[in-house]
Amino acid sequence: HTARFTLDPAFTVSAVDPRLFGSFVEHLGRCVYTGIYEPGHPTADEAGLRGDVLDLIRELGVTALRYPGGNFVSGYKWEDGVGPKDERPRRLDLAWRSTESNRFGLSEFVDFVRKVGGEPMLAINLGTRGVAEAIELQEYANHPGGTELSERRIAHGDKDPFGIKLWCLGNEMDGPWQTGHKTAEEYGRLAAETARAMRQIDPGVELVACGSSSQSMATFAAWEATVLEHSYELVDHISLHAYYYEQNGDRDSFLASAVDTESFIENVVATADHVGARLKSKKKINLSFDEWNVWYQDGSAPTLSGEARGDDWAEAPRLLEDNYSVTDAVVFGTLLIALLRHADRVKVACLAQLVNVIAPIATEPGGTAWRQTTFFPFAQASAHGRGTVLDVRVAGPRHHTERFGEVDLLHATAVRDEETGAVTVFAVNRDRARSLPLEVTLHGLGLTEVAEHSVLSDADPDARNTAAEPERVTPHAAEGTALADGVLTATLEPLSWNVIRLA
Ligand code: AHR
C-alpha cells in the first residue's frame, strides 16, 4: 500500500519560471473595489490600497499579475481608467452586468503591482477593439515621452514609463459568451496583426495568444492549431484556462481533477508542436495557464458573506465569492503540482483570482481580510517551489474514479533549490479514508534532514475559514517523518496536502 518514487538531480523536468506563481485581478465583483482598493478603509494607503490586503498578497508570494480581465477586458476602454478620477466615465460592464466606476485603472494597477513586488501582465481588448487601440495603449504605457500618448501619461502623473513586457492578446475569444467572440480564423488573423504591430513598437514584448477556455470546448485543439498557424512566429505563449468543482457528489473525481489539467497541458503542447513542425519552425511555443482554480460554476459553494449575488448593473456586487473548504484546498494543491510537473512548457500561470472573486484572500468592506484554505498551498508552493523541478515517477496504489478511471492516490512533485541544494516535496494523498505511507529514495542529493513536514487536512473535509472564524483551517506539523540512509519515509494523512522540506 506504500507509494514510492526516486529523486535524482540528474533527472529533471526544468527550471521553474517564477511567473508560474502569478495571479489575476479582474474588474469583477469585489476583486478590485473593496478587495485591493478601498479608500477610507482603516488600513488604506495614500493611493487607496488596503494595507491589510497588500500584506496578505506579499505573504502569498504572487509574481505575474494579469489585469484587467477576463471577460471584462473584451468591452473595456483603457482610456476610461486613466487621468483625473473625477473625470473618468461610469460605464456598463457587459461581462458581469455591473457598473464600472473606473476609479481604479492602469496607473493604480501599476502602483499596486510595484507595492506587492509583482510583474504586470496586461490584457488588451480584442473583443470590441483591435490593432489601433492595442498599440495606443502600448505607447501610452511604455513609450518614454515626446509623443501625444506618452506625454498624456506624464501629464497624468506617471513620468516613468510602466515597462510592461508581458501582454495577453484578448481573453477567451473562443467562448460564445465573450463580447466580440470570434472564430479561430478571425481571431488568429487579429492576434497575428496585433502582435506584428506591437512588435513594431517593441520587438521585445512577450505575447500570449488566446487558446481554449477549457479542454471541453467543442473547438479545443482545432482552435489552437488555427490560431497558431496564423501567429506562430509572432507570439510567445498560448493560453489555457481551467476551473474545477465537485459535481454530482462525486468527490473522488473532483480530487482527480489534475488528471484533466495534465492532459490539457500535454494536448496543447502536442498541438503547438504539430503546428511548429508543419511550419518547419525551430521555435517552441510555451504555455500560459493564465486562469486556473477551483470554481463552483453552478453556484453550489457556500459564499463568503452568505448574501445573495446581485448582478443587476450594481457597482462592485458580491459575485463569485466561493468560500473554499479543505477538500477544495487539496484539489487546488494538485493543480499546483500539475503546473510544476509541466514547468518545461508552462512558463506563466495565474491563479484566478486574487481577492474575493474565487480567491485565496477574502475581505469585508471596511472590515477584516483573511486567508481562505487555498491560500496555504499557494503560499507554500511559491515560497518553496522555486528552482528546478525533479522528475517524479510515482509507483503506488491507485483507485477508480468515475470521470478519470484509474488514478494514483499520490500526486507529487519535487523542486530543488539550486543555491542551497534543499529539496521540497509537494504531495497530495487523494484517499479520503486512509493514510498513505510514502517512501522516497534520494540519490546524489546530499540531503540529511527533514526541515519541515507541513500538512493541510482536517477531520472535517468541509471545514472553511470565515470572517467569524478566520483561522479555523491552517496547516499543521506532521509527525513521524524521517530521513535515514537516503530514504525519506512519511505518512500522508487522508485527503491531505503536504509540503516536506529536506535540507
Ligand atoms: O475568472 C472568472 C472568469 O472566468 C474570467 O473573467 C473569464 O476569462 C473566465 O471565463
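Per chain, residue numbering runs from 1 following the sequence as it is written. Side-chain atom pairs in this predicted model are given and counted only at pLDDT of 80 or more, local residue features only at pLDDT of at least 70, and totals for whole chains, interfaces and linings cover all residues.

J.: Honestly, the overall build of the chain in this entry has me stumped. Any pointers?
T.: Strands are runs of DSSP state E lasting at least 2 residues, helices are runs of H or I lasting at least 4, and numbering of each runs from the N terminus. The helix and strand inventory of the chain stands at 10 helices and 26 strands. Radius of gyration: over C-alpha atoms. The globule rule applied is 2.2 Å multiplied by the number of residues raised to the 0.38 power. Taking 23 Å as the expected radius of gyration for a compact globule of 503 residues, we find that the chain reaches 22 Å, a close match to that expectation. Each principal axis of the C-alpha atoms in the chain carries an extent, and together these give about 70 × 60 × 45 Å. A residue is called partly exposed when the number of other C-beta atoms within 10 Å of its own lies between 12 and 20, exposed at 12 or fewer, and buried at 20 or more, with C-beta atoms placed from the backbone. Burial statistics for the chain: of 503 residues in total, 52% are counted as buried. With C-beta atoms placed from the backbone, a contact is any residue pair whose C-beta atoms sit within 7 Å. Pairs at least 24 apart in sequence give 75% of the contacts found in the chain among residues at least 6 apart.

J.: Quick question: what am I supposed to make of the pairing of strand β1 (residues 3-7) here?
T.: The alternating pattern of β1 places Ala3, Phe5 and Leu7 on a buried face, while none of Arg4 and Thr6, on the opposite face, is buried. DSSP calls a pair of strands paired once it identifies at least 2 bridges connecting them. Alignment of β1 against strand β21 (residues 436-442), held across five bridges, turns out to be parallel. Residue pairing for β21: Phe5 is matched across the bridge by Val440.

J.: Can you help me understand the packing of helix α9 (residues 326-341) against helix α10 (residues 375-384) in this one?
T.: What describes two packed helices is the angle between their axes and the distance between those same axes. Running from N to C, α9 and α10 point in directions that differ by 25°, and their axes come no closer than 8 Å. Here α10 runs roughly parallel to α9, going by the angle between their axes. α10 is crossed by α9, and the crossing has right-handed handedness. Contacts from Ala329, Phe332, Gly333 and Leu336 in α9 reach Phe376, Pro377, Phe378 and Ala381 in α10. Amino acids are sorted into nonpolar (Ala, Val, Leu, Ile, Met, Phe, Trp, Tyr, Cys and Pro), charged (Asp, Glu, Lys and Arg) and polar (every other residue, Gly among them). Taken together, the residues of the contact of α9 with α10 break down into seven nonpolar, one polar and no charged. To get an axis, fit a line to the C-alpha atoms, keeping to the stretch in contact for a helix; angles then go from 0 to 180 degrees between the N-to-C directions. An angle counts as roughly parallel when it lies under 35 degrees, as roughly antiparallel when it exceeds 145, as roughly perpendicular when it falls between 65 and 115, and as oblique in every other case. Take the far helix as your reference; a near helix turned counterclockwise from it by less than a right angle gives a left-handed crossing, and one turned clockwise gives a right-handed crossing.

J.: Before we go on, may I ask you to explain unusual backbone geometry in this structure?
T.: Leaving glycine out, the prevailing phi sign among residues is negative, and the prevailing peptide bond configuration is trans. For the bond from Tyr67 to Pro68, the omega torsion is 0°, close enough to zero to count as cis. The linkage connecting Gly69 with the following residue, Gly70, adopts the cis geometry, with an omega of 15°. Tracing the sequence through the fold places Gly70 in the loop between β4 (64-67) and β5 (91-93). Phi at Thr34 is positive, roughly 70°, even though this residue is not glycine.

J.: Help me out: how do you make sense of the pairing of strand β8 (residues 166-169) in this one?
T.: On a regular strand, one side chain projects to one face of the sheet and the next to the other, so that they alternate. Taking every second residue as pointing to the same face, both faces of β8 are buried, with Leu166 and Cys168 on one and Trp167 and Leu169 on the other. Two strands pair when backbone bridges link them, and strand β7 (residues 119-124) and β8 are joined in this way by four bridges, in the parallel orientation. Bridged to Ala123 within β8 is Cys168. Note that β8 and strand β9 (residues 206-209) share four bridges and pair parallel. Paired with Cys168 across the bridge in β9 is Val208.

J.: Which parts of the structure should I look at to understand the sheet that holds strand β24 (residues 482-484)?
T.: Backbone hydrogen bonds hold the strands of a sheet together, and the pairing may be parallel or antiparallel. Across the sheet, which stays open at both edges, the four strands sit in the order β1-β21-β25-β24 with mixed pairing between neighbours. Looking at the sheet topology across the chains shown, the edges are occupied by β1 and β24. For this sheet, the mean angle separating the axes of adjacent strands, direction not counted, is 20°. Inspection of the sheet shows β21 paired to strand β25 (residues 487-492) by six bridges, in the antiparallel sense.

J.: Please explain the sheet that holds strand β23 (residues 476-477) as it appears in this structure.
T.: Strand order in the open sheet formed by seven strands is β2-β16-β19-β20-β26-β22-β23, and the pairing between neighbours is antiparallel. If you trace the sheet from one side to the other, it starts and ends with β2 (12-15) and β23, each paired once. Pairing of strand β22 (residues 450-456) with β23 involves two bridges; the strand directions are antiparallel. Bridged to Val455 within β23 is His476.

J.: Can you help me understand the confidence of the model for the chain in this one?
T.: Parts of the model with low pLDDT should not have their predicted coordinates read in detail. Taken residue by residue, the chain gives an average pLDDT of 97. The fraction at 70 or more is 99%. The ipTM, which scores confidence in the relative placement of chains, is 0.99 for this predicted complex, and the corresponding pTM is 0.98. Along the chain, pLDDT gives the predictor's confidence residue by residue, from 0 to 100.

J.: Explain the environment of Phe378 here, please?
T.: By the element assignment, Phe378 lies in helix α10. Separated by 27 residues in the primary sequence, Phe378 and Leu351 have C-alpha atoms spaced 8.9 Å apart. Here Phe378 is in contact with Leu60, Leu336, Leu351 and Pro360, once residues within four sequence places are set aside.

J.: For this particular structure, what's the right way to read the packing of helix α5 (residues 184-201) against helix α6 (residues 222-231)?
T.: Contact pair α5 / α6: the axes reach a minimum separation of 8 Å and the direction vectors enclose 35°. As α5 packs across α6, the resulting crossing turns out to be right-handed. The segment α5 lies against α6, with Ala184, Glu185, Tyr187, Gly188, Arg189, Ala191, Ala192 and Ala195 engaging Ala222, Trp223, Thr226, Val227, Glu229, His230 and Ser231. Here the residues of the contact of α5 with α6 are counted per class, giving eight nonpolar, four polar and three charged.

J.: Explanation requested: the environment of Gln215 in the structure shown.
T.: Of note, Gln215 is situated in the loop between β9 and α6. Sequence-distant contacts of Gln215, that is, excluding residues within four places in its chain, are made with Phe220, Ala242, Asp260, Phe264 and Asn267.

J.: Teacher, can you tell me more about the environment of Thr261 here?
T.: Checked against the element boundaries, Thr261 lands in helix α8 (residues 257-278). With 21 residues separating them in the primary sequence, Thr261 and Leu240 have C-alpha atoms 9.5 Å apart.

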